[in-house]
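Each chain, letter by letter, is given below.
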Amino acid sequence: MNKSLKIVSIAVGFVLFAVVILAISSTKEIKENNTVFKNQNDDFSDHYRIATPPIPEVVDFAGEVVPLDDWDVRERLERELLTNVYWQSNTLLNLKRSRKYFQTIETILAKNGIPDDFKYLAVAESGLINAVSSAGAKGIWQFMESSAQSYGLTVNTEIDERYHLEKSTQAACDYLKHSKATLGSWTLSAAAYNRGVAGTVRDKSDQKQNNYYDLYLNTETSRYVFRIIAFKLIMQNPDKYGFSLSDDDYFKPEKTYLLNVDTTIVDLADFAIQNGTSYKMVKLLNPWLRDDHLTIKTGQGHVLKMPE
């Protein structure tokens, strides 16, 4: 064999050797990857579980028993539990906001003789934020403008008390007391917050039934009370439904003091600076202020929350 052929043979040999080594390595890597993928699948199937949320044997709303022996009632409650337990981000935010707002709401409900469970109605309405609905309802209690004004809330270009937590909660209490007196039960009163008192009275009359759970209602109202009850079950026992929060995880109420204002505020930004804070903080603590100034007529006044 001449020298040139010998060199070519050696080169070919090296190439074939490299190809074999690469093939063996690739086969090993594929096997390892398949093993990892298989292990991941096993881990997923072994450890990931989606279960039906537990329903207590006895459930009530505002002291009125929920008839869980009615298959339709049980299925409707289960639907709302499933929806909110597995909409983790939304329910977690509701839980985190609860300590920021519930104490104020609970105090006003108790003062008016309204069952404490109605604080969960506020959660169902707005998620405890100053929401604005497509229909124009606003605030934590989601009042329409006409309803808000009929229950004593001021709504104009400068002030919208639908965003005032204390005043809107009082207006909600007045509405609930009126609907309870008209409809005869707290559960129907809760339904009427969604359906309207007149509509609920009509449903009762047309169907000759006096119990919310025996009425055939539009989809929204038929789900509404069950959504409130689902929030009650989850928020009273978050650990039971898979939500683990430490005390530090909850949003806390801001430390504030009350400032009586009896003269017109020409510029809210200047007013904030003069009082040692910012326009942003004044607006956040007093979301009912809807403009950058506040006109106050002689003999009138407003109370503003200011940061300590």
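Each remark here, short or long, concerns the structure printed above.
Residues numbered from 1 in each chain as written. Predicted model: local features only at pLDDT ≥ 70, side-chain atom pairs only at ≥ 80, totals over all residues. Heavy atoms only, no water.

> What am I meant to see in the overall build of the chain here?
Helix and strand content of the chain: 11 helices and 4 strands. Residues counted as buried form 39% of the 308 residues belonging to the chain. Contacts in the chain between residues far apart in sequence, at least 24 positions, make up 60% of those at least 6 positions apart. Of the accessible surface of the chain, which amounts to about 17,800 Å², a share of 54% is contributed by carbon and sulfur atoms. (Helix = DSSP H or I, 4+ residues; strand = E, 2+ residues; numbered from the N terminus. Buried < 20%, exposed > 50% of the residue type's maximum accessible area, 1.4 Å probe, protein only. Contact = heavy atoms within 4.5 Å. Areas by Shrake-Rupley, 256 points an atom, 1.4 Å probe, with all protein chains shown as cover.)

> I would appreciate a short explanation of the environment of Glu166 in the present structure.
Structurally, the position occupied by Glu166 is in helix 6 (residues 165–183). When its relative accessible area of 25% is taken as the criterion, Glu166 is described as partly exposed. Sequence-distant contacts of Glu166, that is, excluding residues within four places in its chain, are made with Thr104, Ile108 and Lys305.

> Explain the side chain of Thr187 to me, please; I cannot follow it from the model alone.
Positionally, Thr187 belongs in helix 7 (residues 186–195). Setting aside its immediate chain neighbours within four residues, Thr187 contacts Phe61, Glu64, Tyr212, Tyr213 and Val225.

> Is there a simple way to explain helix 6 in this structure?
Given a rise of 1.5 Å per residue, 19 residues ought to cover 27 Å, and the 26 Å separating the end C-alpha atoms of helix 6 matches this to within 8%. Residues of helix 6 that are buried make contact with helix 3 (88–111), helix 7 and helix 8 (197–207). A positive backbone phi angle near 95° is found at Gly184, which sits one or two residues after helix 6. (Expected span 1.5 Å × (residues − 1).)

> Can you walk me through the nonpolar core in this structure?
A general feature of soluble globular proteins is that nonpolar side chains tend to end up buried together. In this structure, Phe118, Trp141, Tyr193 and Ile229 are the most contacted members of the largest nonpolar core, which totals 61 residues. For this core, the elements supplying multiple residues, two or more each, are helix 2 (71–85), helix 3, helix 4 (119–126), helix 6, helix 7 and helix 9 (219–236). Residue contributions to this core peak at 10 residues, all from helix 9. Non-local contacts of Tyr193, meaning those with residues more than four positions away in its chain, are made with Leu121, Glu125, Trp141, Phe143, Ala172, Tyr175, Leu176 and Tyr224. Formed by 14 residues, the second largest nonpolar core is a distinct cluster that contains Val261, Ala272, Trp288 and Ile296. (Core = buried A, V, L, I, M, F, W, Y, C linked by side-chain atoms within 4.5 Å.)

> Explain the pairing of strand 4 (residues 302–307) here, please?
If a strand is regular, its side chains alternate between the two faces of the sheet. Of the two faces of strand 4, the one holding His302, Leu304 and Met306 is buried and the one holding Val303, Lys305 and Pro307 is not buried anywhere. Pairing geometry for strand 3 (residues 256–261) and strand 4, over 6 bridges, is antiparallel. Residue pairing in the sheet places Tyr257 in a bridge with Met306 of strand 4. (Pairing = 2+ DSSP bridges.)

> Quick question: what am I supposed to make of the side chain of Ser98 here?
Within the secondary structure, Ser98 is located in helix 3. Discounting residues that sit within four places of it in the chain, Ser98 has contacts with Leu128, Met235 and Tyr250.

> Looking at this structure, I do not really get the packing of aromatic side chains. What am I missing?
Each aromatic ring pair is summarised here by two numbers: the centre-to-centre distance and the angle between the ring planes. Using the criterion set out here, one finds 10 aromatic pairs in the structure. Between the aromatic rings of Phe102 and Tyr120, the centroid separation amounts to 5.8 Å while the plane-to-plane angle is 90°, which identifies the pairing as edge-to-face. Of this pair, Phe102 sits in helix 3 while Tyr120 sits in helix 4, placing them 18 residues apart in sequence. For Tyr120, a relative accessible area of 4% puts it in the buried group. Three or more aromatic residues joined by ring pairs form one cluster here, namely Trp141, Phe143, Tyr151, Tyr175 and Tyr193. (Phe/Tyr/Trp six-rings, centres within 6.5 Å; stacked < 30°, edge-to-face > 60°.)

> What's the story with a nonpolar patch on the surface in this structure? I'm lost.
Nonpolar side chains collect at one region of the surface, where Tyr48, Ile50, Leu82 and Tyr86 lie side by side and expose about 400 Å² of accessible area between them. By the secondary structure assignment, Ile50 is in the loop between helix 1 (3–47) and strand 1 (60–61). (Patch = residues over 30% accessible without salt bridge, like charges linked within 9 Å, V, L, I, M, F, W, Y side chains within 5 Å. Salt bridge = Lys/Arg side-chain N within 4 Å of Asp/Glu carboxyl O.)

> In this structure, what is going on with the packing of helix 3 against helix 4? I would like to understand it.
Each pair of packed helices gets described by two things: the angle between the helix axes and the distance between those axes. Running from N to C, helix 3 and helix 4 point in directions that differ by 130°, and their axes come no closer than 9 Å. Put simply, helix 3 runs oblique to helix 4. For the pair helix 3 and helix 4, the sense of crossing is right-handed. Two secondary-structure elements touch here, helix 3 through Asn94, Phe102, Ile105, Glu106 and Leu109 and helix 4 through Lys119, Tyr120, Ala122 and Val123. (Axes fitted to C-alpha atoms, helices over the stretch in contact; angles between N-to-C directions. Parallel < 35°, antiparallel > 145°, perpendicular 65-115°, else oblique. Left-handed = near helix turned anticlockwise from the far one by under 90°.)

> Would you take a moment to explain unusual backbone geometry for this structure?
For residues other than glycine, phi is negative in most cases, and the peptide bonds are mostly trans. Despite not being glycine, Leu128 shows a phi value in the positive range, around 60°. Turning to its location among the elements, Leu128 is positioned in the loop between helix 4 and helix 5 (145–150). The backbone of Gln142 sits at a positive phi, close to 55°, despite the residue not being glycine. Within the fold, Gln142 resides in the loop between helix 4 and helix 5. Taking the relative accessible area as the measure of exposure, Gln142 reaches 13% and is therefore buried.

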